[in-house]
Each structure stands twice: as C-alpha cells, then as structure tokens.
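Structural overview
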Amino acid sequence: MEIPNTLVEEFQRQNDPSRRNICVIGAGPAGLAAVKVIKDSQQFKDGLWTVTAYEARDKVGGIWLPAPPTDDPPLTPLYDSLTTNLPHPVMAYTSFSFPPSTPLFPPASTVLTYLEAYAAHFQLTPHIRLNTTVLSTTRDSISGKWTVVTRDSTTNTDETSTFDHLIVANGHYRIPRLPNTPGLEHWLDEKKAFHAVCYRNPSDFGDARTVLVVGAGPSGQDLCTDLLASGRTVVHSVTGAVREDMRDGLLKVRGRVTKYLEPSDGRVVFEDGTEESGIDCAVLATGYKVNVPFLPRDLVRQTLPPPVPPLPRELYNSSYHVFPLARHIFPLVDADTLPPSSIAFIGLPVRVAPLPLLEAQMRAVLHVFARPESLDPTEEAIEVIARYETLRAQVSARSTGQSVKNSSSPDGVSKGREQDDLEQPDDVLQGDPVELAIARAWHRFDGHEQFEYRDVLHAFAGHSQRVPAWEIEMYDGKGVLREEWRDLERAGLAEEWVRGVGESGGEKGTEEWVELMRKLLKRAEERHPERSRL
C-alpha cells in the first residue's frame, strides 16, 4: 500500500532534528524573558522552534504578583511598601522601557503593570499556560527528550508533554530560609517569630511595640523603615555590626543573634555576649532557598557538592547554588545523562539588575541550543574551578570577628550588606563552613561583575549589545539616587521631576532618563557636599 505524501511529509517534519520544542518553567520576569527571546529567534520565525511556558499562578508576574500570605509558604514575599531598589532605567529589560513619567523607583504595582505590558507588547501570552503547575520532569538519555507532567489547577487534570529542551525560570524567592539558632524553634512554635515571606505591613505585628528584625538585606531594611514609621521600637540584628542606638533609642543596631531565650521574656543573646529583653516579636529577613522540586532527585542531589577539583559528575542544589553550571546556566556533569544543551537555569545570579541580565542569559541559551558544540566543556570547567579557587581564597583570607561599619540613611534606618543576611547558621544544610561560604557566594556578583558577565554572554552569543557606561554609573549611584528620590517624594516634588521624562522614546527617551538621574546625583552633592555620591 502506498503511503500518502502528506503522511510522509508530516513524519519527516516531526523527526527533523532542527525542530525543537522548548519548555519554560515559570512566567515571572525570567520566564517572560525566555519566551520573548525565543520568539525573537530566526528558528522560531521559521517555524522550527516552539515554546510553551507553564505558570502555576493565574497571571504572569511571578514575585511581583501580590497574594495574601495564606499559602504555606506564601506565593510571594511581596509586601505593601515595596518599591524597586534600582532606578527603573537600570532595572528594565533592554528591549522594553518603563512608560514616560514613571516614578524613578516605582512601587511593586507599577512593576507588575510593566511586566504585563511586556508580555502584551511582544505577544507572549499565547505561549503561556496559566494555572498550570509542573509536577515532574524526566529525561530519556536515549531519545534526548524531556517528559514533562503538568497539572491544571482549574480542572485538576494532569497532562504529559514531550520537549527537547528545558528552561528553569521558576525564581528563587519563595521557600524561606530559617536560621538554626538555638531557641528559635521555640519562638516560632509560640508564634513569637516568623519569616519575612509572610510580612505585608506593620499591622501584621498587632500590639507588638518592640520588634527584632533579623537580616540586613533590602527586605530587612524596608521592614525597619516600616516599623519605625509605625511608631515601634526596632532591634536590628546585623551580622558583625557594632552595637549602636539611633533615633533616641527607637532603633537599636545589634550583631548576630546567637541564642533565643524564653519567649515570654522576649530575651535574645547577640554575638558580642550582650542581651536584649522585652522583644514582643521577631521577623526573620534571612533569605530564600533555591528550589527545583520538579527535577528528579537522581538528577539533582539536594546537598552541598564535594570540594573541587575535580568537578562532580552529578548536579547539586545546595539551596544556595546549583553546581556545577557553566556560565551559571548550563550543567557541567555527565554529558550522557545531562548534556549542557539539554537544560538551562536562568535567573540564579543575585545582587544584579535582573531583567537585562535575563535577556542576555537567554541569548546565550539559544546559542547553545542551536550550536551545542559552541560550549567547550573543558574550558568551562576550568572557569568554574577558577571561580571556586578564587572564592575559597577569599573565604579563607577573611579574618574572623571583623565588624561591619554601621551606617544609616537619612530616615535613621541602619544600612547593612547588600543582600539578606545569609551568614546565619542554616536550618537544614550542614557541612564544612568554607564550603558553605563558597555556596552562599557562588551566584552572588560583586562590583561590576554582572556587567562584565552580560557583555561576555552577548559576545558568546554573537549579539552586538554591550552595557552602556551610564547604566554602570547609575547602578553605582543607586543608593544615593534612592535617598534623593525619597526626599523628593517627602517634599511632594517627585511627580514634577519625572513629568514627561522619556516621552521621546527610543535612545532619546533613555537620554532623558539619564539626564534626570545625573541631575538627581548633582542635587545630592549640593545638599550633602561632605558625602561621596557613590
């Protein structure tokens, strides 16, 4: 019997090795960037590549989509007062600017609207399955295909699909990290302490008048600001901080908590041996865990990796980092089990401007998907080992007992390190302290490392984009810019400053925002000539 030509053509089309089905897990900022860059590719335009993104929630936006703290853990740590800690021209995707006249440090609701507009502008929503949770993923080493099982929460039905590539874009700000400090568990059991993932506004503290805030990152600092504004006394625990009282004793800066005593007394002990009593409640801004529950445990081991060299032949998730990954994206393990081009992890780097970095990562991802040979495993392994040895040397050289020099913003809030306090003992993860410190630092980019990283990724992908000098300048000045912006808001001048800025669009619109930020930095220098703007 002669087989119809249409069936032959369909068989050939389905088995064409140049055809790829790509699965994206998550439709927050990372997932949206993934779908957008895939849509930009020539392979997608030629009908060779398809993309499907699965999002568990009912809308796009990820962390920026608000939700009450009713789930365990809550769907997002988003609190009512959250604004960006970067000026939006620095924060934005390079392919899509915030609208003209947007507040320089916009509230979370504005960021969500921006992400929704990004999805609409680039017509991403037809490729996104909302209300759909990825339950499991398995890879067949013979066919090289991924089997992805999902569940539609609206119908409670499961579906199995097959893909050639997997992009992990599920974010890392949901699973709370709790310190393993003696006595804390009792405080948690007595509802006298909770993680910042559950915080929404000061009313969460009820009648509590003295609150211990543990953690010196952005959320810890914002908590202090909110609580002080509500008239409460704040004890701010910052690892290594010098004991200091500010704002007539309403803000007490202390070191790391080493022991929680009887909850009814509200007593805690700090690393210098001093105590505080009368604490009504403690909130733990102690960070979040990297979590990839949909990847099989035999593919990703849930513990600290062994010391290197050599690189392990298995993938590890320490909850601080995924290791070993080439360029913080591609697995460098047994290629028969998990080739580097089979799966990509995006959005792991921290202390960065995330949105433009995500687009750069995705351009590198598609380059490797299209040309697996472009990623040299030996060269990438050398780079990973070099980073490991650099971080190990830094950790070993770091003297113990050094204090963090305290500083404060104009509203009297203590300013600590740039990330949530990850130097508390972990609630689960145990191991060599040096290896733990390396894991904590692995995906953390210091100084201008993030900009060099983006340029290297774009060069690798054959993309012409490079980080402009103004972006680095304004990232360096972000703290001063935010303080000045808050001063404008208090004076009722903020709206006037940004009115019409960016209306020219394109490069001209960007220049208008850069001019405004430089004007704001100049204002800071004139108001505070004794301080460096950076």
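Residues numbered from 1 in each chain as written. Predicted model: local features only at pLDDT ≥ 70, side-chain atom pairs only at ≥ 80, totals over all residues. Heavy atoms only, no water.

Some details on the overall build of the protein chain
- Counting secondary structure elements, the protein chain contains 15 helices and 26 strands.
- Taking 24 Å as the expected radius of gyration for a compact globule of 534 residues, we find that the protein chain reaches 24 Å, a close match to that expectation.
- Expressed as lengths along the three principal axes of its C-alpha atoms, the size of the protein chain is roughly 90 × 55 × 50 Å.
- Split into buried and exposed, the 534 residues of the protein chain put 53% on the buried side.
- Sequence separation of at least 24 residues holds for 66% of the intrachain contacts in the protein chain that already meet a minimum separation of 6.
- When the accessible surface of the protein chain is split by element, carbon and sulfur atoms take 50% of a total near 24,000 Å². (Helix = DSSP H or I, 4+ residues; strand = E, 2+ residues; numbered from the N terminus. Rg over C-alpha atoms; globule rule 2.2 N^0.38 Å. Buried < 20%, exposed > 50% of the residue type's maximum accessible area, 1.4 Å probe, protein only. Contact = heavy atoms within 4.5 Å. Areas by Shrake-Rupley, 256 points an atom, 1.4 Å probe, with all protein chains shown as cover.)

Re the packing of aromatic side chains
- Here the structure, examined in full by the defined rule, presents 16 aromatic pairs.
- Between Tyr-93 and Tyr-118, the aromatic rings sit 3.9 Å apart at their centres with planes inclined by 20°, giving stacked as the arrangement. Remark: Tyr-118 occurs in helix H5 (residues 108-121) and Tyr-93 occurs in the loop between helix H4 (88-91) and H5; sequence separation between them is 25 residues. When sorted by exposure, Tyr-93 lands in the same class as Tyr-118, which is buried.
- Taken together, a centroid distance of 5.9 Å and an interplanar angle of 70° make the contact between Tyr-173 and Tyr-288 edge-to-face. Remark: Tyr-288 occurs in strand E18 (residues 288-289) and Tyr-173 occurs in the loop between strand E7 (165-168) and strand E8 (175-176); sequence separation between them is 115 residues.
- Since its relative accessible area comes to 13%, Tyr-288 is described here as buried.
- Site record: aromatic cluster; members linked through ring pairs are Tyr-93, Phe-96, Phe-98, Tyr-114, Tyr-118 and Phe-122.
- Across the ring face of Tyr-320, the terminal group of Arg-177 is positioned such that the distance to the ring centre comes to 3.5 Å. (Phe/Tyr/Trp six-rings, centres within 6.5 Å; stacked < 30°, edge-to-face > 60°. Lys NZ or Arg CZ within 6 Å of the ring centre and 35° of its normal.)

Some details on the side chain of Asp-226
- By the element assignment, Asp-226 lies in helix H7 (residues 218-229).
- No salt bridge is formed by the buried Asp-226, whose closest oppositely charged neighbour, Arg-486, lies at an N-O distance of 7.4 Å. (Lys, Arg positive; Asp, Glu negative; His and termini not counted. Salt bridge = Lys/Arg side-chain N within 4 Å of Asp/Glu carboxyl O.)

Section: the nonpolar core
- Within the largest apolar cluster, 118 residues are counted, with the highest numbers of intra-cluster contacts made by Ile-167, Phe-205 and Val-365.
- Considering each element in turn, this core owes the most residues, ten residues, to helix H8 (residues 354-370).
- When neighbours within four sequence positions are excluded, Ile-167 is seen to be in contact with Ile-22, Cys-23, Val-24, Ile-25, Ala-34, Ile-38, Ala-344, Ile-346, Met-362, Val-365 and Phe-369.
- Val-168, Val-322, Leu-338 and Phe-345 belong to the second largest nonpolar core, which has 23 residues in total. (Core = buried A, V, L, I, M, F, W, Y, C linked by side-chain atoms within 4.5 Å.)

A word on the pattern of salt bridges
- Overall, the coordinates contain 25 salt bridges when judged by the stated rule.
- A salt bridge links Arg-392 to Glu-435; its shortest N-O distance comes to 2.9 Å. Here the residue Arg-392 occupies a position in helix H9 (residues 377-397), and Glu-435 occupies one in helix H10 (residues 433-441), the gap between them amounting to 43 residues.
- Through salt bridges with shared partners, a single ionic network connects Arg-243, Asp-245, Lys-252, Arg-254 and Glu-276.

Some points on the environment of Leu-82
- In this structure, Leu-82 sits in the loop between strand E2 (49-54) and H4.
- Under the relative-accessibility criterion, Leu-82 is labelled buried at 17%.
- C-alpha of Leu-82 to C-alpha of Val-168: the two residues are 86 residues apart in sequence and 26 Å apart in space.

Re helix H11 (residues 449-460)
- Between its terminal C-alpha atoms H11 stretches 16 Å, which fits the 16 Å expected from twelve residues at 1.5 Å a residue.
- What H11 keeps buried is the set Gln-450, Phe-451, Tyr-453, Arg-454, Leu-457, His-458 and Phe-460.
- Those residues of H11 that are buried are in contact with H8 and helix H12 (469-476).
- A positive backbone phi angle near 75° is found at Gly-462, which sits one or two residues after H11. (Expected span 1.5 Å × (residues − 1).)

With respect to the sheet that holds strand E15 (residues 268-270)
- The three strands lie next to each other as E14-E15-E16, forming an open sheet whose pairing is antiparallel. Only two strands of the sheet have a single partner each, and these edge strands are strand E14 (257-260) and strand E16 (275-276).
- Bridging between E14 and E15 involves three bridges; their strand directions are antiparallel. Paired with Lys-259 across the bridge in E15 is Val-269. (Pairing = 2+ DSSP bridges.)

Focus: unusual backbone geometry
- Cis geometry marks the peptide bond from Asp-72 to Pro-73, where omega comes out at -5°.
- Positionally, Pro-73 belongs in the loop between E2 and H4.
- Note that the residue after Phe-323, namely Pro-324, is joined by a cis bond; omega there is -5°.
- Tracing the backbone shows Pro-324 in the loop between strand E21 (322-323) and strand E22 (325-326).

Details of helix H15 (residues 506-527)
- Over its 22 residues, H15 runs 32 Å from end to end, which matches the ideal 32 Å to within 8%, given 1.5 Å per residue.
- Along H15, the residues classified as buried are Gly-509, Glu-512, Trp-513, Val-514, Leu-516, Met-517, Leu-520, Leu-521, Arg-523 and Ala-524.
- Here the buried face of H15 lies against H4, H12, helix H13 (478-491) and helix H14 (494-498).

Some remarks on the environment of Glu-515
- Positionally, Glu-515 belongs in helix H15.
- Distance in space between the C-alpha atoms of Glu-515 and Trp-470 is 9.9 Å, their sequence separation being 45 residues.

Considerations on the confidence of the model for the protein chain
- In this model, the protein chain carries an average pLDDT of 93, and 91% of its residues clear a pLDDT of 70 or more.
- Note on residues 399-404: pLDDT is under 50 here. Beyond four places in sequence and across chains, it has eight contacts.
- pLDDT under 50 marks residues 416-422. Its contacts with residues more than four places away, or in other chains, come to 39 contacts. (pLDDT = per-residue confidence, 0-100.)

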